[in-house]
Amino acid sequence: MGALRWHRRQYHELPPMPPEYDHQAIEAKWQRRWEETGLNRPELGAAPRPYFNLMMFPYPSAEGLHVGNMYAFTGADTHGRFQRMQGLDVFEPIGFDAFGIHSENFALQVNRHPTELVAANIRNFRRQLHRLGAQFDWSRTVETTDPDYYRWTQWLFVTLWKGGLAYRARRNVKWCPRDLTVLADEQVMADGTCERCGAAVVERELEQWFLRTSNYTERLLGNLDHLDWSESTKLLQRHWIGRSEGALLDFPIDGAAPLRVFTTRADTVFGATFMVVAPDHSRTLELASGDRRAEVAKFVAEAARRRIAGIRESEGSTSGIALGRNARHPLTGDELPIYAAEYVLSGYGEGAIMAVPAHDSRDHAFALAHGLKVVPVVSGDSGPGPHMGRGTLINSRDFDGLAAPDPARELIVAAISERGLGHPKVTYRLRDWGISRQRYWGPPIPAIHCPVDGAVPVPEDQLPVLLPYIEDFRPLGTGESPLSRDPGFLHTTCPVCGGPALRETDVSDTFLDSSWYHLRYPSTDCQDAAFDPTLTRKWLPVATYIGGNEHAVLHLLYSRFVAMALHDLGYLEFEEPFTRFRAHGMIIKDGAKMSKSRGNVVVPDEYLDRFGADAFRLYLMAMGPFSEGGDFRDTGINGPYRFLVQVFRLAERVGEVAEPAELAVVRHRCIQKVSEDSPQLKYNTAIAELMKYAKRLRDHGGTIPKVSLETLALLLSPYCPHAAEELWERLGGTYSVHQQPWPQADPELLREDEVVVVVSVDGKKRDQVTVPRGTASEELERLALSSARVANFLHGRQVGRVVVVPDKQVNLVLGR
RNA sequence: GCCAGCAUGGCGGAAUGGCAGACGCGGCGGUCUCAAAAACCGUUGAGCGCAAGCUCGUGUGGGUUCGACUCCCACUGCUGGCACCA
């Protein structure tokens, strides 16, 4: 509200545009000119130095483009423009990620059909994006909802399927009771709520399509070491993949198959006093002894009910039940009672554990609650409770005295493995990617279910399987997609036997759409393949990808998986799609994330109207380090705006005069700083330098040499493309400023002949002397000691030591 | 609970072993104006002082160093990620 009021006031009270800088006319003029001359449409087939500058395509919401999008795109575009002036042929495409639950939910809410709604949203997004003045190649856009695009998303699925990387399985999956669909693990937030709508997620057993991301865990993890990506992003992926080294151990059971467990602490095996299986472990009921079976079944059913209802047991739950059956310790032969308990999860490791209450807090809590033995096997005092740290093995027979966990861990696994009861094993958190969605707004999964031949892929020449227009697209909630309502869609014939068959009615996850869009951009004109091999070889992998870390484990991981899979299947020569990735920060407002509920969303249109795209871009980039984001303030944009007006005022003072030496020096320093900071995305400090330079020119009396402003136009062009172009034209430069070579700083002019050396006493600055660069240490020391000001601070004491840092500082250390 | 990142004027931030606060916002004072806005000029970390200047100051406490916003240890707070993961 405050922002709005402020804005209204500005609108009405401000005088018309300053005559020097009519941003509306300038921006319209150049956007038209760029479009007419095809400035931003590289010859994809012929470009000698291809540079694919990618940014994350937006989801076209009904609210329109928000500042966060603008921020990301401006930063990425600035990078692309800078690279272009380094002589590279920059391809900078944009598109729209328009399928998905988000669009569909909104359509349901406002009671309109997503087909028309999304088309309108995309139109609005295109309009807003044009205003930004980015060097987008508008002749090669991608819309995931376009059959020409999702035909190839379906092709991708069929290709993965034929390559053995897609399968169908009945499995417990995350189900959102509000969106009435399955979610990928990655779409469930840490608190167990749906990423899209915030409802508590429950579990449900459904027949689903999965992609075998788990085949690639080792490579997805290992390749990270060599990727030039933001460390923060790589760390998030490493955690998500969750590699854990341990061992599989078999605990024999009399009269039954042994119970297999996963452990990372085999060194504590002598401290195992009981076993625990997950309630929904496949053998829980089998292992329950006859007289316990009914009770165990009841417990298992209750646990299942709790899980299905989405009740998350508080951590440290000790609910569990004895199965009335024992396993044998693989090394001691001791009898260990087996329990079923909710704190053991079926989805991780083997869904069963050896419990070592002396050295694991969860086992400890369970042992206390159920009166079970606690046997310490690792020495070391950590007070009451389990000791989880390092120590020395005790109560471990032949292994006593070994350091734990290492090397005891390895030696004990070896001993167990000699008896054929275990072996080392690496476990991962990452599981297969469930892609089925029981919703309407997505590409139909191209599969046909035939009573004779089972599930068969739709033949490639029959793609796309068009998403039918159905009036009532509300989700059913039965585990089936609304597409099952459409008999014309549902009934088909089997491509194998020609008999009657049913189509798959689920649609695929939006992240499948975005997992390969970068492959499509150079090939948008390609009608007979998802991507043209020649263009792909030329333009991919992506040179630089800039985007938010919110997609670190979703989009970015899936895209890597898809590239690897296509590589293995012979479709791509590379296996990592993004050579360089940089995560940008987030824009906040009033110290908080922008959100509709907080009412602190910034609508860019008003700022673009009033201050223009260039000032807006400049403000966003000046706000702080691009990697950190920044805090949006309504008044902040005044500075960059004034700066641009100032620059145009300077242009009116340009004349044919020689450049004085002092201006040459500041000009080359500015070139140096901006050239250094820009490629590192340190835009804020580059802009500060540009402002400093403009101020210096302003303070220069008289006529300003043309070259001073020409350089400014060049350095400014990645940041303020329209203003720089206009300035360049007024200075008589040839079109376009964006095709000019980047200026080079002359090292001769950067060299400073005189330096200021600080004289300090005990580390406190007391005086300074200006001396020629490279003045000898002895001379500096002499100058420092003879300083009259320094004498006042000696307080009669002797100078003990003198530390001289040439060209910087002399520190006089007083003796005592 | 675990793993990252961050903490500097009224505000956004700069400086990553050598002059803390670049650049910008905002504030204050002035010029112009009948007046206001815009623009321009000056000023703006805190305290003391008529002044020259001095003292203090980068979340907290310790340490290393001639010298620490910067490096190390411990803590506090915020942001993000993960979380009965065996």
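These figures come from a predicted structure and were not determined experimentally. The residue count restarts for each chain, going from 1 along the sequence in the order it is written. Just so you know, chain letters begin at A and ligand numbers begin at 1, following the order they were written in. With the structure being a predicted model, the display of local features is reserved for residues of pLDDT at least 70 and the display and counting of side-chain atom pairs for 80 or more, all residues being used for whole-chain, interface and lining totals. Side-chain metrics in this entry use all non-hydrogen atoms of the structure; hydrogen atoms and water are not considered.

A. Broad picture of the packing of aromatic side chains. The pairing test for Phe, Tyr and Trp rings, Trp by its six-membered ring, is centres within 6.5 Å, and the orientation test on the planes gives stacked under 30 degrees, edge-to-face over 60, and tilted for anything in between. Tallied over the entire structure, the rule returns 45 aromatic pairs. Between Trp433 and Phe561, the aromatic rings sit 6.4 Å apart at their centres with planes inclined by 80°, giving edge-to-face as the arrangement. Linking Trp433 in strand β18 (residues 433-434) with Phe561 in helix α17 (residues 555-568), this pair joins segments that are 128 residues apart in sequence. Judged on exposure class, the residue Trp433 and its partner Phe561 are both buried. The interplanar angle of 80° and the centroid separation of 5.4 Å between the aromatic rings of Tyr607 and Phe632 together place this pair among those described as edge-to-face. Note that Tyr607 is positioned in helix α18 (residues 604-622) and Phe632 in strand β29 (residues 629-632), a separation of 25 residues in sequence. Each member of the pair, Tyr607 as well as Phe632, carries the same accessibility label: buried. Put simply, DSSP H or I for four residues or longer makes a helix, DSSP E for two residues or longer makes a strand, and each gets a number counted from the N terminus. In this scheme, a residue with accessible area under 20% of its type's maximum is buried, one over 50% is exposed, and one in between is partly exposed, where area comes from a 1.4 Å probe on protein chains only.

B. Summary view of the sheet that holds strand β23 (residues 500-503). By definition, two strands form a pair when at least two bridges between them are found by DSSP. Taken in spatial order, the four strands make up an open sheet running β21-β20-β23-β22, and their pairing is antiparallel. Edge strands, defined here as strands with exactly one partner in the open sheet, are β21 (454-457) and β22 (491-493). For this sheet, the mean inter-axis angle between neighbouring strands, taken without regard to orientation, is 40°. In the sheet, β22 pairs with β23 via three bridges, with the strands oriented antiparallel. Its bridge partner lying in β23, Thr492 is registered against Ala501. We call two residues in contact when some of their heavy atoms are within 4.5 Å. To obtain each axis, a line is fitted to C-alpha atoms, and for helices this fit is confined to the stretch in contact; angles are then taken between N-to-C directions over 0 to 180 degrees. Together, β20 (447-450) and β21 form the strand contacts of helix α6 (residues 147-162), whose direction differs from that of β21 by roughly 120°.

C. Spotlight on the sheet that holds strand β35 (residues 809-814). Sheet architecture is open: four strands sit in the order β33-β32-β35-β34, paired in mixed fashion. The open sheet has two edge strands, β33 (764-772) and β34 (799-805), and neither has a second partner. Going across the sheet, the axis of each strand differs from the next one's by a mean of 20°, ignoring polarity. Looking at chain direction, β34 and β35 are connected through six bridges and run antiparallel. Considered in β35, the bridge of Val799 is made with Leu814.

D. How the structure looks around the nonpolar core. What makes a nonpolar core is a set of buried Ala, Val, Leu, Ile, Met, Phe, Trp, Tyr and Cys residues whose side-chain atoms join them at distances within 4.5 Å. Residues Phe157 and Phe632 are the most contacted members of the largest nonpolar core, which totals 163 residues. Broken down by element, the residue count for this core peaks at ten residues, all from α18. Residue contacts for Phe157: discarding those within four places in its chain leaves Ala166, Trp209, Leu211, Ile435, Ile445, Pro446 and Leu512.

E. Highlighting unusual backbone geometry. Here the bond from Leu463 into Pro464 is cis, since omega is 5°, no more than 30 degrees from zero. Looking at the element boundaries, Pro464 is found in the loop between β21 and α13 (487-490). A cis amide bond links Tyr735 to the next residue, Ser736, at an omega of 0°. With respect to the helices, strands and loops of the structure, Ser736 is situated in the loop between α23 (721-730) and α24 (747-750). Unlike most non-glycine residues, Asn395 shows phi in positive territory, near 50°. Within the element layout of this structure, Asn395 appears in the loop between β15 (391-392) and β16 (403-404). The exposure class assigned to Asn395 is partly exposed, which follows from its relative accessible area of 45%. A positive phi angle, near 50°, is found at Arg397, a position not held by glycine. Along the chain, the position of Arg397 falls in the loop between β15 and β16.

F. Representation of α6. In a helix, the anticipated span is given by 1.5 Å times the number of residues less one. For α6, which comprises 16 residues, the first-to-last C-alpha distance of 22 Å matches the rise-based estimate of 22 Å (1.5 Å per residue) to within 8%. Buried residues of α6: Tyr149, Tyr150, Trp152, Thr153, Gln154, Trp155, Leu156, Phe157, Val158, Thr159, Leu160 and Trp161, and no others. Between the side-chain oxygen at the start of α6 and the backbone nitrogen of Asp148 there is a gap of 2.9 Å, and the oxygen is on Asp146. Following α6 by one or two positions, Gly164 has its phi on the positive side, about 80°. In the analysis that follows, any N or O atom pair within 3.5 Å is treated as a polar contact, provided that within protein one partner can donate a hydrogen and the other can accept it, and provided that, for residues neighboring in sequence, both atoms belong to side chains.

G. Broad picture of the environment of Ala723. Tracing the sequence through the fold places Ala723 in helix α23. Considered as a pair, Ala723 and Asp762 are 39 residues apart in the sequence and their alpha carbons are 51 Å apart. In this structure, Ala723 is in contact with Tyr21, Ile26, Asp614, Leu644 and Phe648, ignoring residues within four places of it in sequence.

H. Focus on the pattern of salt bridges. Whenever a carboxyl oxygen of Asp or Glu lies within 4 Å of a side-chain nitrogen of Lys or Arg, that contact is scored as a salt bridge. According to the stated counting rule, one finds 47 salt bridges in the structure shown. For the salt bridge of Arg126 with Glu143, the shortest nitrogen-to-oxygen distance reads 3.0 Å. Here the residue Arg126 occupies a position in helix α5 (residues 114-132), and Glu143 occupies one in strand β4 (residues 142-143), the gap between them amounting to 17 residues.

I. Local environment of the environment of Gly271. Within the secondary structure, Gly271 is located in the loop between β10 (256-263) and β11 (274-277). Sequence spacing of Gly271 and Ala303 is 32 residues, and the spatial spacing of their C-alpha atoms is 28 Å. Excluding anything up to four places from it in sequence, Gly271 contacts Ala355, Val356, Pro357, Val375 and Val377.

J. Spotlight on the packing of helix α4 (residues 101-110) against α5. Between α4 and α5, the shortest axis-to-axis distance is 9 Å and the interhelical angle comes to 110°. Accordingly, the angle class assigned to the pair α4 and α5 is roughly perpendicular. Helix-helix and strand crossings are classified by hand; for α4 and α5 the assignment is right-handed. Together, Ser103, Phe106, Ala107 and Val110 of α4 and Pro114, Leu117 and Val118 of α5 make up the contact between the two elements. Geometric relationships in this document are graded by angle, where less than 35 degrees denotes roughly parallel, more than 145 denotes roughly antiparallel, 65 to 115 denotes roughly perpendicular, and other angles denote oblique. The crossing is said to be left-handed when, going from far helix to near helix, the turn is anticlockwise and less than a right angle, and right-handed when the turn is clockwise.

Nothing here speaks to function; it is all geometry.
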